[in-house]
Amino acid sequence: LGFSDVIQQNAGGQLETMFIDEGFGALDEESREQAVRILQQLSYGDRMVGIISHVTELKESIEKKLIVKKSSRGSTVSFEV
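This write-up is about the structure you can find in this document. Values in this document were obtained by computation on a predicted structure and should not be read as measured data.

1. A look at the overall build of the protein chain
- When helices and strands are counted, the protein chain shows three helices and four strands.
- Each helix and strand of the protein chain, placed in order from N terminus to C terminus, yields the pattern α-β-α-β-α-β-β.
- The 81 residues of the protein chain split such that 16% are buried.
- When contacts within the protein chain are restricted to residue pairs at least 6 apart in sequence, long-range pairs at least 24 apart make up 45% of them.
- Just so you have it, the protein chain exposes about 6400 Å², and 51% of that area is on carbon and sulfur atoms.

2. Re the nonpolar core
- Residues Phe24, Val36, Leu39, Val49, Val55 and Leu58 constitute the largest nonpolar core, which totals six residues.
- In contact with Phe24, other than residues within four places in its own chain, are Arg32, Ala35, Leu39, Ile51, Val55 and Leu58.

3. Overview of the side chain of Ser53
- Relative to the helices and strands, Ser53 is located in the loop between β2 (48-52) and α3 (56-61).
- Within the structure, the side chain of Ser53 is placed 3.0 Å from the backbone nitrogen of Val55, a separation counted as a polar contact.

Cut-off values and rules
- Residues numbered from 1 in each chain as written.
- Predicted model: local features only at pLDDT ≥ 70, side-chain atom pairs only at ≥ 80, totals over all residues.
- Heavy atoms only, no water.
- Helix = DSSP H or I, 4+ residues; strand = E, 2+ residues; numbered from the N terminus.
- Buried < 20%, exposed > 50% of the residue type's maximum accessible area, 1.4 Å probe, protein only.
- Contact = heavy atoms within 4.5 Å.
- Areas by Shrake-Rupley, 256 points an atom, 1.4 Å probe, with all protein chains shown as cover.
- Core = buried A, V, L, I, M, F, W, Y, C linked by side-chain atoms within 4.5 Å.
- Polar contact = N/O pair within 3.5 Å; in protein donor to acceptor, adjacent residues only side chain to side chain.

Encoded structure:
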């Protein structure tokens, strides 16, 4: 998302949403907290950062969550604020 400012200035496009799938499990606690702070800073205005993760500590630090649960009858989705 930080790079999107450069893209917008040079090419005229916009990047308003980004999803990150994992990689947080390999980080120590301090690095994970720093990454979350930076991602939260990048998600200002209409920008959104979605994090796909199974790391419990990471899930607890995110205030708005879209929860997807798998079952034998399909998946269900809920939103937690």
